[in-house]
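Here is what each chain is made of, one letter per residue.
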Number of protein chains: 2
Amino acid sequence: MDLMEKIISLSKRRGFIFQSSEIYGGVEALWDYGPLGSLLKNNIKEEWIKRFVQSYDSVVLIDGTVLMHPNVWKASGHLEHFTDPLVECKNCHSRFRVDHMADGRFAGQGKAKTKNQCPQCGGKDFTSAKQFNLMFKTFLGPVEDEAHITYLRPETAQSMFTNFKQVQEAMRLKIPFGIAQIGRCFRNEITTGNFTFRTREFDIAEIEYFVKPGEDEKWFDFWVDEWERFFLDLGLKKENLRRYEHPKEALSHYSKRTIDIEYKFPFGWSELAGIANRTNFDLSQHSKMSSKDLSYFDEETSKSYTPYVIEPTLGIERLLLALLVDAYQEIKGGRTTTTKAAKEVEVVLKLDKKIAPIKMAVVPLVKNKPELVKKAKEVYEILKSHFMCQYDEVDSIGRRYRRQDEIGTPFAITIDFETLEKDDVTIRDRDTMEQERVKINDLVGVLKNQLSQNL
Amino acid sequence: MDLMEKIISLSKRRGFIFQSSEIYGGVEALWDYGPLGSLLKNNIKEEWIKRFVQSYDSVVLIDGTVLMHPNVWKASGHLEHFTDPLVECKNCHSRFRVDHMADGRFAGQGKAKTKNQCPQCGGKDFTSAKQFNLMFKTFLGPVEDEAHITYLRPETAQSMFTNFKQVQEAMRLKIPFGIAQIGRCFRNEITTGNFTFRTREFDIAEIEYFVKPGEDEKWFDFWVDEWERFFLDLGLKKENLRRYEHPKEALSHYSKRTIDIEYKFPFGWSELAGIANRTNFDLSQHSKMSSKDLSYFDEETSKSYTPYVIEPTLGIERLLLALLVDAYQEIKGGRTTTTKAAKEVEVVLKLDKKIAPIKMAVVPLVKNKPELVKKAKEVYEILKSHFMCQYDEVDSIGRRYRRQDEIGTPFAITIDFETLEKDDVTIRDRDTMEQERVKINDLVGVLKNQLSQNL
C-alpha cells in the first residue's frame, strides 16, 4: 500500500472520512466527514477563526448564503469565465477537460496519465472543445425557466463583496480591514480524484482584505507570509510547503497576481491555498451592475476610492488531508515493549494537540476489576465536561494506547491500582510515551495547560 | 415600531443579519449573517456540540455533503412526499400554498391573512392545486438530463442513515447511540416570510438516536425533555416555550409521533424545534433500495434488528431569532446616570454570556490621553488572544457602554486614571452595571471564571 492508500484506509476504518452515499455505490467526488473527521474539521475552522478573526483588530467574520442573486455571477465574471474546456471521446462518450489531458503544470490537478488518449477506452478521437460552466445550476421558486436560474456559489468571496458596504458601516471599519468567511462551496468538476483533493463540494476559508490602491502589493506579500505561517503553526513541515507564482498569462480573470501555497501530497506538489490580488475588479463590477456606490470614503484625505482586495484563500478539506498525510508516521518493529506489538507496525498520527479530534482517552488498566472501572468512569465524567474525550475499556492496555495513537489522541489517562489508593492517575503522552502521575483534583488544570502550551 | 421591526432594524444596523444580495434588491428568504450574527451562530453551534456530542458518551458528530445520490431521496420518500400543494391566482399568476391560505394551525408558518383571496391582487379565482416538490434540483456533471438530476438536501438526517453502518462499526458503538450533525439545508419554499423564520437556506442541528424497537417511546420522551432543557439553559424564558403534539393525521410520512417545541415569537407561537419518532422507516427504506444490510446485531441477544430512530431537530437560525427576541429589553428613561441618556430609551440585549458574540469591550475612559489609550491597547492585546473582544475609544464612555449593551456584550473593561497608578481596571457587568476593580495580572483568570460560571 502506498501512503495515500494507507490514509484512505485509516480514514474509513477509524471514522475520519467516508464516501458520500456509499450504500448506493457513492457519488464521485463527494465525501462525508465521520465522527473524527468532523471534529478535526471543526478544530481547524476554530483555529482559523481564533487566528484571523479573534486575534486581528480589523478582520470580521460573516456567514453568507450559498444561493445568491443571479446578477452576482454576471458581475463577478463567473457566468462567462468560470468554465473548463470540455471534450468528448467519440468512441465511449466520456468527457474530459482539455487542459488536463495535456501535460498540465498542476501535478495534483488530475492530469491524464496518457496524452490525447481516452483514459476510459483508449480512443484517440475527440470532439472539439466546448466551454462548460462549473457552477451548479438550480431554480428559485416553482418555475423552471431562464428567469429563475441561480447557481450554487463556487467561492464564498462574492458575499463579502456584496456585503462590503453594510459590514463596513455597521462595524465602523476603517481601511485596511478584512471580511472573513468559512463556508460550503460547490463546483461541478469534470475531472475529479485524489481522494478528497478535488471534490464537488467543500468548505473554503477566505478573507477579502480591503486596502488602499497602491498599498495592495505590500499587503499581498504580508498575506502570503501570514497564510504560510498558519500552516506551519498547525504543524505542517516546512519542507512540504512551497510557493508557486502563477504566470501572467494563466491568471484568473480578476487577478493581478496570484501565488499558490503548494503542499507535497503523495500524488505530487499540489495547491493547498492561494493568495490573489483581486484589485478593485469585483467591487467595481458589482457597483456597475447594481448601480450602488461601493466606494470607501477616506476621512484623512476626504476622498473616496474603490478599495483593492487581497484575497488569501484555503480549502479546509485540502488542509485536513495535508495534515493527515503530514502527521502520519509508521514505527516498524514497534515502539512499545508489548511483545506482540513489537512485531507489528505501529501507526502514530502526530497531529498538533490543538486540532486532534479526541484530546484524551480514559482507560482503566483492566476491565474486570469493578473498582477500577467505576473510578475510570468517574474520571471520564469529570473530563468530558471540559474536553472531547473517549472512554475505552476493550482489549489490552497496549492495544488501546495504539488505537489512540493511530487517531492522534495526545493523552491517555490511565486508572490503575495505585489510583485507588492515592487518587492519582497517569497521563501518557502520545509522542514521548512518557507517563506522569497527577492527582485527580489537579487533572483538569494540568491537561488544560498542556493543551494550550503549544497554542 | 413593533418588536419584530426593532429586531430587524437592530440586526441590520449592528451587523447581526443582512439581506442576502441586498445591493441587487435581495433575494426573498435568503439572509446573510454579519460579523455579530455569524459569531452568535457559531457560539450556538459550539454550545450544541458541547452539550450533545462532547458531554454524551454515545453521540458522535458527522459532517455530510449537501449533494447526495438521487436514490437517497427516492428511498427517504422525499421525492414523492416532500411537496406542498400549490395554487395559482388566475388573475395575477402569483402562487400560494393551499394549506397556508386556509386557517392553518401554525400561526408562524405564513398563513394568508385573508381566506381564499389572493394576497397580491385580491383575486378569488385560483387554479386547482398541484403538488410542488420543495427540494432544489440540480445536475451532477455536464449533461442536464433526468439521469443526472440530484437535489440539495432539505434535512441533514439522510446522511446519518446512509452512514449508519459505517459510523457504528468505525466507532464500535452499541445501541442506544446517536449520530449528530449540523449542516446547511435548502428548501424551495413558496410562502416565505417573518424575517429569518421561514427561509430557503438554513442550518439544521439534529440527532438521529438509534434505539431498540419497543424502547422508542421512552427515548422519545427523554429527548423532548432534553431538547427543551437546552433552550432553557441558553436563556429562553420558560413562559415563551410550549409543546405542540402533531395530530395523527398530520404526521410526516415517516413519523409515528411528533412533538414540536414552539416559541412565542412576536408573530405568534411558531415551531422552533421538533422531536419525531421516525421508527425504522428510513433504515428499512435505504436497506431495501440499496440492498445493503442496515440492521444491528445485538450481542446480548445474538439477534439482529433494524433500530428505531428518535430524531430531535432544531433550526439554528430560528433559535438565533428566538434568542434575540427573548434577550431584547428596552429601558425607558435610561438606567444610567448620564444626563443625556436618561431621556433616551436604552436597549440591553441580555444574551446568555456563553453565546454573546463579543465577550468584552476594552474602553479607555477618554481618548485624548495617550497614556490611557496606550494602556487600553495593551490590555486589549492581552485579552484578544483569549476572548472575542472589541476595542472602542469613539464617543463618550456612556455611549460606548450603551453600544455594547445593545449587542449583548457581557463585560466592559475600562481603563481609567487609577489604572495608570495601580495597574488595575474595572469590569463593568452588562446586567447589573456594577463595576469591580481587578488587577490586570488577574484579569484573564477572573474573566474566564465569570464566563464559565453559568456553563
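**Examining the sheet that holds strand β9 (residues 177-186) of chain B**
In any sheet, the strands associate via hydrogen bonds between backbone groups, in a parallel or an antiparallel arrangement.
Residue and element names in this part refer to chain B.
Point 1. Strand order in the open sheet formed by seven strands is β3-β9-β10-β16-β13-β12-β11, and the pairing between neighbours is mixed. Here the strands that pair on one side only, and so sit at the sheet edges, are β3 (59-62) and β11 (241-245). For this sheet, the mean angle separating the axes of adjacent strands, direction not counted, is 25°.
Point 2. Two elements, strand β12 (residues 257-265) and strand β13 (residues 268-279), share nine bridges in a ladder whose sense is antiparallel. Opposite Tyr263, over in β13, you have Ser270 as the bridge partner.
Point 3. Docked against the sheet, helix α2 (residues 35-54) engages β3, β9, β10 (201-211) and β16 (308-315), running at close to 165° with respect to β9.

**Concerning helix α9 (residues 281-290) of chain B**
All names here are of chain B.
Point 1. Looking only at α9, the buried set comprises Asp282, Leu283, His286 and Ser290. Buried residues along α9 cover an arc of 95° about the axis, so they all sit on one side.
Point 2. Check the buried side of α9 and you find it contacts α3 (71-75), α6 (157-162), α7 (164-170), β10 and β13.

**Thoughts on the interface of chain A and chain B**
Point 1. Taken together, the contacts link 88 residues of chain A with 88 residues of chain B.
Point 2. Taken together, both faces of the contact between chain A and chain B bury some 7000 Å²; the carbon and sulfur share is 56%.
Point 3. For chain A, the biggest contributors to the area lost against chain B are Ile23, Tyr24 and Gln54 of chain A; these three give 12% of the whole.
Point 4. The tally of links from chain A across to chain B stands at ten salt bridges.

**Side note on the relation of the copies chain A and chain B**
Point 1. Screw-axis analysis of chain A against chain B gives a translation of 0.0 Å along the axis, an RMSD of 0.0 Å, and a rotation angle of 180°. Both copies of the chain, as the preceding transformation shows, are related through a two-fold rotation axis. If distances are taken from each C-alpha of chain A to the rotation axis, the shortest is found for Thr138 of chain A, at 2.6 Å.

**Focus on the nonpolar core**
Point 1. Counting 197 residues, the largest nonpolar core has Trp48, Trp227 and Phe231 of chain A together with Trp48, Trp227 and Phe231 of chain B as the members making the most contacts within it.
Point 2. What Phe231 of chain A contacts, discounting residues up to four positions off in sequence, is Leu236, Leu241, Ile261, Leu272, Ala273, Leu314 and Leu319 of chain A.

Rules used throughout
- Within every chain, residues take consecutive numbers counted from 1 along the sequence as written.
- Chains carry letters from A onward and ligands carry numbers from 1 onward, assigned in written order.
- Where local features are concerned, this predicted model is filtered to residues with pLDDT of at least 70; where side-chain atom pairs are given and counted, the filter is 80 or more; whole-chain, interface and lining totals use all residues.
- As a convention, hydrogens and water are excluded, and side-chain values are obtained from all of the structure's heavy atoms.
- Note: two strands are recorded as paired if DSSP finds a minimum of 2 bridges between them.
- Strands are runs of DSSP state E lasting at least 2 residues, helices are runs of H or I lasting at least 4, and numbering of each runs from the N terminus.
- For every element, the axis is a line fit to its C-alpha atoms; helices are fit only across the contacting stretch, and the angle between N-to-C directions ranges from 0 to 180 degrees.
- Contacts are assigned to residue pairs with any non-hydrogen atoms lying within 4.5 Å of each other.
- Burial classification: accessible surface area is computed with a 1.4 Å probe over protein chains only, and a residue below 20% of its type maximum counts as buried, one above 50% as exposed, and the rest as partly exposed.
- In this context, the arc is that of the directions from the helix axis out to the C-beta atoms.
- The quantity reported as buried area is the accessible area (1.4 Å probe) lost by two parts once they are put together, taken as the sum for both.
- Take a side-chain nitrogen of Lys or Arg and a carboxyl oxygen of Asp or Glu: if they are within 4 Å of each other, that pair is a salt bridge.
- Superposing copies: least-squares fit, C-alpha atoms only, residues required to have pLDDT of at least 70 in both.
- Put simply, buried Ala, Val, Leu, Ile, Met, Phe, Trp, Tyr and Cys residues joined by side-chain atoms within 4.5 Å make one nonpolar core.

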